[in-house]
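As a plain string of letters, each chain reads:
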Protein chains: 2
Amino acid sequence: MGLAEDILAGGRLALARALTLVENDDPAGQAVLSALFHSTGRAHRIGVTGAPGTGKSSLVNQLARFYRQPPDAQPPRRVAIVAVDPSSPFTGGAILGDRIRMRDLAGDPGVFIRSMATRGSLGGLAAATAGAAQLFDAAGFDVILIETVGAGQSEVDIVRLAHTTLVVEAPGMGDDIQAIKAGILEIADILVINKADHIGVENTERALRSMLELGHPARLAGSQFLHHGQTYIPQAPSAGQAPEAEVWEPPIQRSVAPESKGIAELAAHIQRHRLYLESSGEWQRRDYQRLQHELHTLVQNALLQRWEQQLDPAVYQDILAALAGRRISPHAALQRLLGSADSRR
Amino acid sequence: MGLAEDILAGGRLALARALTLVENDDPAGQAVLSALFHSTGRAHRIGVTGAPGTGKSSLVNQLARFYRQPPDAQPPRRVAIVAVDPSSPFTGGAILGDRIRMRDLAGDPGVFIRSMATRGSLGGLAAATAGAAQLFDAAGFDVILIETVGAGQSEVDIVRLAHTTLVVEAPGMGDDIQAIKAGILEIADILVINKADHIGVENTERALRSMLELGHPARLAGSQFLHHGQTYIPQAPSAGQAPEAEVWEPPIQRSVAPESKGIAELAAHIQRHRLYLESSGEWQRRDYQRLQHELHTLVQNALLQRWEQQLDPAVYQDILAALAGRRISPHAALQRLLGSADSRR
């Protein structure tokens, strides 16, 4: 597998090619991912999410710069940025301000930026993003910043992918917007109030703090990620897990990204979270759950594909017509369909 | 099936009980749905979506009042409201202002309001909402208003359920919020600028109009709804479909819900859309696609359940451990898992 070897050797062109293969759901992309799989599991995946207008892109940008030029003679870290835009094939990557970012970090061989736009399916986007993160991981990037526009399902997908999730807020987004954010707060490891030089920052911080006090629930249990509540597969082993007393309290960090204010402090929180993950066994547990979820998706798709291959299209159309004519119920249709596929074995 | 008969006879208590069974994913709920299925397919399902703060609930409220007291001696229509809140089990239905709404429409036997909150899974919520809509349909409600907080995936699920989708905007939500809305615009049959007495309504309308001019794409093709782009099943028949020239241009309607301004005009657009759906064959096509999607989800879950029953838990744990240890790739794990389940047949 020439491409996989080239990526392990640090080839940027090979990496870019593999990213495209993965994004296009090309079988060759799957082959590269499989070949590289044993080299993954080292990178720190950091999810950054929040509503439009909170300045996420700028924040991600500044974090990347910080990791490239850390203080106190620390070695610079290699940084990959995956900018995910689930909104629309229309708006494309423009929202995420890629061109501005490119200019800022361009020419640094320790940085790789890739934006992923929806190609008709949310499920496909999540899979492509997961694949891209794996490629960057195998290629030896130390930090992978995964940025998504805050839009419901996509945040949940970030939690699955990321070790550490940053939820970005900004002052003055309105009270009802704050209310809806309660759902997003549940996935936050670190809260960032960006644009902290704007009016209303105290109100925003107070609102966030009172929501946190309402009770930061335990991170959603693994089973919810796996099945959307339908069927169950045994859970990750609890060996190596932290005792219940050792919990992570999400800190709130203010920042003004364009002026690099609060960035070093934010990076310190991220580092502290990484140490927490490692010492508590959470790092391993999240890794395990993520792989379990990935495997589960593969199984589900494979089962469906197999079944479709066995299915008689004429029988399928007949059953659908009976369903649309309200002659049989969906459950009766299901029984007929499964019976039909089985009898052709 | 006593419950189903009671619902067909117009029993509100029976309906409430069935709604709870469906929401709790109780097998008895499935039985009621199956028994009532032949009585569905008549109600006009109207989806109402938009960001928090646009006044969706108030608008839905006013539409319901309009349908209950139509002008020009038209008969009142029976109205069901399904208020979906995908945000969080935390915030619950509070955001949707149910209590206010209840007070307003309470005591009217021609109105039934039900709110559905997330119970741990988005997939479960979509299924429960679909079930609730079916129950209301069978129970003889003429109009079903399905309201969701605008949050990515949930809008797509509305499009699946609704014949007519209203996207609600409000002035002064900021330019970058407008930009992100492009994705939502694609699903709009009718655009509503609510709070049209607020400053900036002209800007909002101009922004929406220019986005529409950028090209209102054909509604997303059925296959995208069905499979999230992974596998394929034959499409709905094109018989009875409209010629390409007959397209629907989404109108933009201003409203001030608390003052009932623009509500009659909005209802007229909705009626016009219904006539368009019927004359173009779209009504039937959307019904067909929705049922096909529902069947597809049932098949997928049934296949997974079957497979899990055949699976040896010890083998599964071994394979997962090898995966987490990076000794085998996800694809190799898949091959082993499918092989293992097969060999136990």
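Rules and cut-offs
- Residues numbered from 1 in each chain as written.
- Chains lettered and ligands numbered in written order.
- Predicted model: local features only at pLDDT ≥ 70, side-chain atom pairs only at ≥ 80, totals over all residues.
- Heavy atoms only, no water.
- Helix = DSSP H or I, 4+ residues; strand = E, 2+ residues; numbered from the N terminus.
- Buried < 20%, exposed > 50% of the residue type's maximum accessible area, 1.4 Å probe, protein only.
- Contact = heavy atoms within 4.5 Å.
- Areas by Shrake-Rupley, 256 points an atom, 1.4 Å probe, with all protein chains shown as cover.
- Salt bridge = Lys/Arg side-chain N within 4 Å of Asp/Glu carboxyl O.
- Phe/Tyr/Trp six-rings, centres within 6.5 Å; stacked < 30°, edge-to-face > 60°.
- Lys NZ or Arg CZ within 6 Å of the ring centre and 35° of its normal.
- Core = buried A, V, L, I, M, F, W, Y, C linked by side-chain atoms within 4.5 Å.
- Axes fitted to C-alpha atoms, helices over the stretch in contact; angles between N-to-C directions.
- Parallel < 35°, antiparallel > 145°, perpendicular 65-115°, else oblique.
- Left-handed = near helix turned anticlockwise from the far one by under 90°.
- Nonpolar A, V, L, I, M, F, W, Y, C, P; charged D, E, K, R; others polar.
- pLDDT = per-residue confidence, 0-100.
- Pairing = 2+ DSSP bridges.

Some words on the overall build of chain A
Now for step 1: Along the backbone of chain A there are 15 helices and seven strands.
Now for step 2: Put simply, chain A has 345 residues, and 56% of those count as buried.
Now for step 3: Residue pairs at least 24 apart in sequence account for 77% of intrachain contacts in chain A once pairs closer than 6 positions are excluded.
Now for step 4: Approximately 14,100 Å² of chain A is accessible, and the part contributed by carbon and sulfur atoms is 54%.

Concerning the pattern of salt bridges
Now for step 1: Taken as a whole and assessed by the stated rule, the structure comprises 24 salt bridges over all chains.
Now for step 2: For the salt bridge of D189 of chain A with R286 of chain A, the shortest nitrogen-to-oxygen distance reads 3.4 Å. On the criterion of sequence distance, the pair formed by D189 of chain A in the loop between helix 9 (182–185) and strand 6 (190–193) and R286 of chain A in helix 13 (residues 282–310) is long-range, its members being 97 residues apart.
Now for step 3: Taking the relative accessible area as the measure of exposure, D189 of chain A reaches 2% and is therefore buried.
Now for step 4: Judged by its relative accessible area of 10%, R286 of chain A falls in the buried class.
Now for step 5: With its nearest N and O atoms 2.5 Å apart, the salt bridge here joins R326 of chain A to D287 of chain B. Remark: D287 of chain B occurs in helix 13 (residues 282–310) and R326 of chain A occurs in the loop between helix 14 (313–324) and helix 15 (330–343); the pair is interchain, linking two chains.

Overview of the packing of aromatic side chains
All names here are of chain A.
Now for step 1: Inspection of every chain in the model, using the stated rule, returns 10 aromatic pairs over all chains.
Now for step 2: For the ring pair F66 and Y67, a centre distance of 6.1 Å and an interplane angle of 75° mean the geometry is edge-to-face.
Now for step 3: Here the aromatic rings of F136 and F141 are separated by 5.4 Å at their centres, their planes lie at 90°, and the arrangement is edge-to-face. The pair formed by F136 and F141 is uniform in burial state, with each residue classed as buried.
Now for step 4: Every member of this aromatic cluster is reached through a ring pair, and the members are F112, F136 and F141.
Now for step 5: In this structure, R78 packs its charged tip against the face of F141, placed 4.2 Å from the ring centre.

Let's talk about the nonpolar core
Taken as a class, soluble globular proteins show a tendency for nonpolar side chains to be buried jointly.
Now for step 1: In terms of nonpolar packing, the biggest core is built from 42 residues, with W307 and L337 of chain A together with W307 and L337 of chain B touching the most fellow members.
Now for step 2: Among the elements of the structure, helix 13, helix 14 and helix 15 of chain A together with helix 13, helix 14 (313–324) and helix 15 (330–343) of chain B are those that each provide at least two residues to this core.

Description of the side chain of E205 of chain A
All names here are of chain A.
Now for step 1: Tracing the sequence through the fold places E205 in helix 10 (residues 201–213).
Now for step 2: The buried category is assigned to E205, whose relative accessible area is 15%.
Now for step 3: When residues no more than four places from it in sequence are discounted, the contact partners of E205 are I193, I252 and R254.

Focus: the environment of A332 of chain B
All names here are of chain B.
Now for step 1: Mapped onto the fold, A332 is located in helix 15.
Now for step 2: Owing to a relative accessible area of 29%, A332 belongs among the partly exposed residues under this scheme.
Now for step 3: As a C-alpha pair, A332 and R160 span 172 residues in sequence and 35 Å in three-dimensional space.

Some points on unusual backbone geometry
With the exception of glycine, the majority of residues adopt a negative phi angle, and the majority of peptide bonds are in the trans configuration.
All names here are of chain B.
Now for step 1: At A73, a residue that is not glycine, the phi angle is positive and equals roughly 55°.
Now for step 2: With respect to the secondary-structure elements, A73 resides in the loop between helix 4 (56–68) and strand 2 (79–85).
Now for step 3: You can call A73 exposed: its relative accessible area is 79%.

A word on the packing of helix 2 (residues 12–23) of chain A against helix 3 (residues 27–36) of chain A
All names here are of chain A.
Now for step 1: Two elements in contact, helix 2 and helix 3, have axes separated by 7 Å at closest approach and are oriented at 120°. It follows from the interaxial angle that helix 2 and helix 3 lie oblique. Relative to helix 3, helix 2 is oriented so that their crossing is left-handed. The segment helix 2 lies against helix 3, with A18, L21 and V22 engaging A28, G29, V32 and L33.
Now for step 2: In terms of residue class, the contact of helix 2 with helix 3 is built from six nonpolar, one polar and no charged.

A word on the confidence of the model for chain A
Residue and element names in this part refer to chain A.
Now for step 1: Considering every residue of chain A, the mean pLDDT works out to 79; 73% of them sit at 70 or more.
Now for step 2: Within the model, pLDDT remains below 50 along residues 88–99, and this stretch shows 29 contacts once partners closer than five positions in the same chain are excluded.
Now for step 3: Taken as a whole, residues 217–245 scores under 50 in pLDDT and shows 62 contacts with residues more than four places along the chain or in a different chain.

Let's talk about the pairing of strand 1 (residues 44–50) of chain B
Residues and elements named next belong to chain B.
Now for step 1: In terms of burial, strand 1 is largely enclosed, as seven of its seven residues are buried.
Now for step 2: Residues H44, I46, V48 and G50 of strand 1 are buried on one face, and the alternating residues R45, G47 and T49, pointing to the opposite face, are buried as well.
Now for step 3: In this sheet, strand 5 (residues 164–169) lies alongside strand 1 in parallel orientation, the contact comprising five bridges. Note on strand 5: the bridge partner recorded for G50 is V168.

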